[in-house]
Each structure stands twice: as structure tokens, then as C-alpha cells.
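# Examination of the molecular architecture
Spelled out from the first residue to the last, the chains are:
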Amino acid sequence: MGQISIILITGLLFLFSFEPPQSNLNISDMQVVFWTIILTGFPVLITCFVTAYVARTFPADKEENLPKLYRLRRFIIVFECISLAAYLCNLYLLNLPALINKHLAFFPMEHLRQTVALLPLLIGLICIRLAFYQVSRLQTNHYREVASLQFKFLLIPLLPMFVYFVIIDALQWLPYSAKVFIVEHPYVLIGLILPVIASAYVLAPLLMQLLWKTKPLASDSVLKGKLDRLTKQSGVKYRDIVVWQTGSLVIANAAVAGTLPKNRRIFLTDALLKYFTDEEIETVVAHELGHIRYRHIPTYMLFSLFYLLSYPFFYVFVEEPLVTHFGESQILATLSLLVFLTVYFVFIFRYLSRRCEHQADLYAVALTEKPEAFENALLKLAVLNSVPKSIRRFFEIFNTHPSIDRRIDFINQWIEQRSAIQRYKKYLLEVKILIALLPIFGILAWLLFMKA
């Protein structure tokens, strides 16, 4: 339910690697605020103009226009990049962090205080997504609900970072000798980060219920009885099945959250219950059970931990030589970190995610023995969520899910007993390699820190 915004993370990286400009413009605080509003609003105005023109030229109520509107959404990244460029002007020309630190100096937690300077980028991204969201939707939604939804989607990846900033700020209150020890032994800091990442996955169900209005699926309903029998058949343990109430938004989706059985929950949106048959809902839930059965959530958690263990190698063998060769440049270090982050979490992680989705699809079909119902459910998901059924292979590499057509074709190949597809019944090779490399990289990373 939502993907990490690499643009927002980029803005956060530049914010915390920010160095005050050599030549400060002699402008007042009110001028900084004024130009911040202008720079934040300019990309939004461009987006609104473009989307309004497209919506007027290709109305969404005509079916032949939908493919054009779907293709338009691919270019949202262009407008988000414009918003990022405007935000960097806020940082390096207007020295926005200095204004934040000046007027919020009473707040003792420095890193957490500095995140306030991220607000212009966050507001800009929400407005841009709001404009694109309205173009390809047939139903009329309240703008406040759509904006709230986008804010929560963008907030989720930031929350673990906020916790990390709280820990870093709290370390400043330690005795001097303790702070020196942490500086001399940086692996201690990584040891503090690991529980933050793990807790984000463990406590995800509570976070989702805190952010979104939910209620338990009615225990006396026919559907609840069918889903209980299905989950019992699968042998998967979980705490509850809850319904995410989306209000006027029509979002058909399902998700599973929580690594521990006692805390694990399966989420179904109210639109899923309204527009899907019981058989189709069973297959969608079976897909989520497939994620649990193949331990995809712990796999994603290990993947995040592996990033921390592999980054020291990137720093020693790539980032440090670049900075040494081209001179001490904080921007260069940030750009190299951004490249590593993008390759790791956009290309590598999303490739793994698409493979896991295929695996969960096959589990859903095998468990329910209702491939036709599942394929119908996938097609309905595409229509209700305004998702194109077919995506070119190039654009698909940026998605966490394969296209609907590719998923259906994959299921049909499995039914035909294609040998290349049957191996998805077992744990993926990438997962086995990840688990094998974790302790090795952990030991090597520790040795690198000890050497440093």
C-alpha cells in the first residue's frame, strides 16, 4: 500500500548533508518565507496546468482515453523532480535550515528540529500527486481525503527515520566519554539502528491501524467463515482480519503486515468487500497468505538490514575514493549515497518484490484452486485502482508489482506445468543467497569498522 518516494528520501539526504552556502544572500526572514512559498508552489502550478489540459482533452469518462491517462501518470516523476529542484534552491540559495534553526532553537533535539525544513518538499509532492490522482479517476473524491492518503503514504517510510533521529539526538545527552566511544566505534551506531528497522516491520500493523480507520471483519459473516477455513487450510497464523475504511475513496486492495503471528494482521479495504465476490476475495486473501507462507515480510526486513551491512563496503571502495579524488565535497558524497540507495531499493529490491508477487500469486491459485476467480480479481483491481493492465518491460522495472497481464500470463504458464515456473513453489534463490550472505557481510563490516 504505497511505495517509498525516492524523491522525498533524496530531499532528506540533501537536507542532512547540507552545508551553509559560502555567500549568503542578504535577505530577510520574510523574504525567505515568501520565496519558499513561490518555489514550492511553482512546480505544483505547472502540474495543475498540464493535468487540467489533459483532463479536458482526454476526459476520463471515455474508455478509449484511459490508456492515455495511464501513460501520463508515468511522468509524475518528472514533476516531482522539478519540485525537488525547487526544494534544493530553498536549501542552497535561501538557506532554509538556518531559518528553521533560528526560530525553533528552543527545541532541544537538533536532528528532529531540522526535519521541519522538509515540509516544503512534502507539501509539493502531496499537491503534485493530488493533481495526477484526480486526472484518471472517474469518481469524485474529497480533496482532503486524497491529500490525507498521500500524506500517510509519504509519512510511512519517514517514521523509522524520525525514530533514528530521536536516538541520535538522545546520544548528545550522554556523558562525554560515552560519545567519544561511539565516535571511535561506529558499529555501535549501526547496532542501534538495527532494532529500529526490525521494530518498523514488527509494529507495522499497529502503525497502519493508527494511521487508517479500521474495524474487524464481522465474525458472524459468511465471508469470515470462508476466510477462517481458508487460513486454517493454509496453516498460516495471524491475529485478525481487519477492514480498512477508505471513506469516499474507492481503493480495492489487500495487505498483510507484521512479522510475529500474534501481531500479524490481514487488511482488506471496504471497496474490496463491496465490489468483489466471495470467491474473488478468497483468492486475494490467499495471495496475502502466500506472502506469509513464503516469509516475504522477514525477507524484506533482512533486505533492509543487508543494506546497512553492505553500505560500509560501498563507502570504503567507491564513495571515499571519489571524494578523495574530486576533493572534499559533501554534495558528491550525498550523490554517491543516493546512487547506491536508488540501485539497492529501486532496482534490486523491486526486482525481488516482483518475484515475490509472482510466488504469492501461484500460492493463491494452488490453495484455492480457483485460477479464474483470481484472474477476475486482478482485472477488477486494475479497473478500480486505475492501474493499466499492460506495462512495457522498461517501465515495469520501477514497480514493486508486475503488470496485471504479466501476472495472469504467469498463472496460465503455471497451470500448463511450465518447468521454469514450477521452481516458484520453493523459496527463491535470491532469498537463499541473501540469508547466506548476511552473516558474512556482518562479520566483514565489523572488521572494516575495527580497522577504521
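Above this text you will find the structure in question.
Residues numbered from 1 in each chain as written. Predicted model: local features only at pLDDT ≥ 70, side-chain atom pairs only at ≥ 80, totals over all residues. Heavy atoms only, no water.

## Describing empty space enclosed by the protein
Heads up, the rule is: Points on a 1 Å grid, built from protein atoms alone, make a cavity when a 1.4 Å probe fits but cannot get out and make a pocket when they are open with protein on both sides within 12 Å along at least 5 of 7 lines; residues with an atom within 4 Å of a point are the lining residues. Grid points are joined across faces, edges and corners, and a volume is the space filled by probe spheres set on the points. By definition, any uninterrupted DSSP run of H or I lasting at least four residues is a helix, any uninterrupted run of E lasting at least two residues is a strand, and each is numbered from the N terminus. Gly is placed with the polar residues, together with every amino acid not listed as nonpolar (Ala, Val, Leu, Ile, Met, Phe, Trp, Tyr, Cys and Pro) or charged (Asp, Glu, Lys and Arg).
Tallied over the full model, the rule gives one cavity of 30 Å³ or more. Each pocket or cavity is described by its volume, and for the largest cavity that value is around 30 Å³. Taken together, Leu-39, Thr-40, Ser-83, Ala-86, Tyr-87, Asn-90, Pro-120 and Leu-121 make up the full set of residues lining the largest cavity. Those elements giving two or more residues to the lining of the largest cavity turn out to be helix H2 (29-57), helix H4 (76-92) and helix H7 (119-135). Here the lining of the largest cavity takes four residues from H4, the largest share from any one element. Residues that form the lining of the largest cavity fall into these classes: five nonpolar, three polar and no charged.

## Quick look at the packing of aromatic side chains
Stated precisely, the cut-off is as follows: Any Phe, Tyr or Trp ring, taking Trp's six-membered ring, that has another such ring centre within 6.5 Å forms a pair; planes under 30 degrees apart are called stacked, those over 60 apart edge-to-face, and the others tilted. Residue exposure (1.4 Å probe, protein chains only): buried if accessible area is under 20% of the type maximum, exposed if over 50%, otherwise partly exposed. The criterion for a charge sitting over a ring is simple: Lys NZ or Arg CZ within 6 Å of the ring centre, and within 35 degrees of the ring normal.
Applying the stated rule across the entire model yields 21 aromatic pairs. On the numbers, 5.1 Å between centres and 50° between planes, the contact of Tyr-307 with Phe-345 is tilted. Of this pair, Tyr-307 sits in helix H16 (residues 296-326) while Phe-345 sits in helix H17 (residues 330-368); the two residues are 38 residues apart in sequence, bridging distant segments of the chain. Phe-345 shares its class with Tyr-307; the two are buried. Through a chain of ring-to-ring contacts, the aromatic side chains of Tyr-300, Phe-303, Tyr-307, Tyr-311, Phe-314, Phe-340, Tyr-344, Phe-345 and Phe-349 assemble into a single cluster. Here the basic side chain of Lys-380 rests over the ring of Phe-276, its NZ or CZ set 5.5 Å away from the ring centre.

## Brief notes about the sheet that holds strand S1 (residues 214-216)
This is how the line gets drawn: A pair of strands is labelled paired if DSSP reports no fewer than 2 bridges between them. As a rule, the C-alpha atoms of each element are fitted with a line to give its axis, helices using only the stretch in contact, and angles between N-to-C directions run from 0 to 180 degrees. Two residues form a contact once any of their heavy atoms are found within 4.5 Å.
Sheet architecture is open: four strands sit in the order S1-S2-S4-S3, paired in mixed fashion. Each end of this open sheet is capped by a strand with a single partner; those strands are S1 and strand S3 (254-257). Each neighbouring strand pair of the sheet contributes to a mean axis angle of 30°, computed without reference to strand direction. Here strand S2 (residues 240-244) pairs with strand S4 (residues 265-269) via five bridges, running parallel. Residue pairing in the sheet places Val-243 in a bridge with Leu-268 of S4. Sheet contacts for helix H12 (residues 204-211): S1, S2, S3 and S4; angle to S4, the most-contacted strand, approximately 30°.

## With respect to the packing of helix H18 (residues 371-384) against helix H20 (residues 404-415)
Put simply, the rule reads: Oblique is the label for every angle not falling under 35 degrees (roughly parallel), over 145 degrees (roughly antiparallel), or within 65 to 115 degrees (roughly perpendicular).
Between H18 and H20, whose axes approach to 10 Å, the crossing angle comes to 175°. If you check the angle between H18 and H20, you find them roughly antiparallel. On H20, the residues touching Pro-371, Phe-374, Glu-375, Leu-378, Leu-379 and Ala-382 of H18 are Ile-404, Arg-407, Ile-408, Ile-411, Asn-412 and Ile-415. For the contact of H18 with H20, the residue count by class is nine nonpolar, one polar and two charged.

## Some remarks on the pattern of salt bridges
Side chains that differ in charge, positive against negative, can pair when their charged atoms come close. This is how it is decided: Salt bridges, as used here, are contacts in which a Lys or Arg side-chain nitrogen is within 4 Å of a carboxyl oxygen on Asp or Glu.
Following the criterion strictly, the structure yields 11 salt bridges and no others. For Asp-228, the salt bridge is made with Lys-224, and the minimal N-O distance between the two is 3.0 Å. Taken as a pair, Asp-228 and Lys-224 lie in helix H13 (residues 222-234) at a separation of four residues, close to a single helical turn. For Arg-407, the salt bridge goes to Asp-361, with nearest N and O atoms at 2.8 Å. Of this pair, Arg-407 sits in helix H20 while Asp-361 sits in helix H17, placing them 46 residues apart in sequence. Side by side, Arg-407 and Asp-361 carry an identical accessibility label, which is buried. Within this structure, Glu-279, Glu-282 and Lys-370 form a network of salt bridges that share partners.

## Some thoughts on the pairing of S3
The side-chain alternation of S3 yields two buried faces, one formed by Ala-254 and Val-256 and the other by Ala-255 and Ala-257. Alignment of S3 against S4, held across four bridges, turns out to be antiparallel. Within the sheet, the bridge partner assigned to Ala-257 lies in S4 and is Arg-265.

## Examining a nonpolar patch on the surface
How we decide: Nonpolar side chains (Val, Leu, Ile, Met, Phe, Trp, Tyr) within 5 Å and like charges within 9 Å form the patches, drawn only from residues with over 30% relative accessible area and no salt bridge. The protein chains shown are the only cover counted for residues, whose accessible areas, like all others here, come from Shrake-Rupley with a 1.4 Å probe.
On the surface, a nonpolar cluster with roughly 730 Å² of combined accessible area is contributed by Leu-429, Ile-433, Leu-437, Ile-440, Ile-443, Leu-444, Trp-446 and Leu-447. If you trace the backbone, Leu-429 turns up in helix H22 (residues 429-451). For Leu-429, a relative accessible area of 56% puts it in the exposed group.

## Overview of the nonpolar core
To be explicit about the condition: To form a nonpolar core, buried Ala, Val, Leu, Ile, Met, Phe, Trp, Tyr and Cys residues must be joined to one another through side-chain atoms within 4.5 Å.
Ranked by internal contacts, the top residues of the largest apolar core, which has 89 residues, are Leu-268 and Leu-289. The biggest single contributor to this core is H17, with 13 residues. Apart from the residues within four sequence positions on either side, Leu-268 is in contact with Leu-227, Ile-241, Val-242, Val-243, Trp-244, Asn-253, Ala-254, Leu-273, Ile-281 and Val-285. Ranked by size, the runner-up nonpolar core spans 16 residues in total, among them Leu-130, Leu-149, Met-208 and Ala-257.

## Brief notes about the side chain of Thr-299
Structurally, the position occupied by Thr-299 is in helix H16. For Thr-299, the contacting residues outside a window of four places in its chain are Tyr-294, Leu-352, Val-431 and Leu-434.

## A look at H12
Rules: An arc is given here, and it is the one of the directions from the helix axis to the C-beta atoms.
For H12, every residue scored as buried is listed here: Ala-204, Pro-205, Met-208 and Leu-211. With its buried residues spanning 130° around the axis, H12 presents them on a single face.

## Thoughts on H2
Using the following cut-off: Helix span is expected to be 1.5 Å times the residue number reduced by one. Note that bend, as reported per residue, equals the angle between axes fitted to the 7 residues terminating at that residue and the 7 residues originating from it.
Taking 1.5 Å as the rise per residue, H2 with 29 residues should run 42 Å; its terminal C-alpha atoms sit 42 Å apart, in good agreement. Taking the largest bend as the criterion, H2 deviates by roughly 25°, centred on Gly-41, and proline Pro-43 comes between one and four positions later. Every buried residue of H2 is accounted for by Val-32, Thr-36, Thr-40, Pro-43, Val-44, Thr-47, Thr-51 and Val-54.

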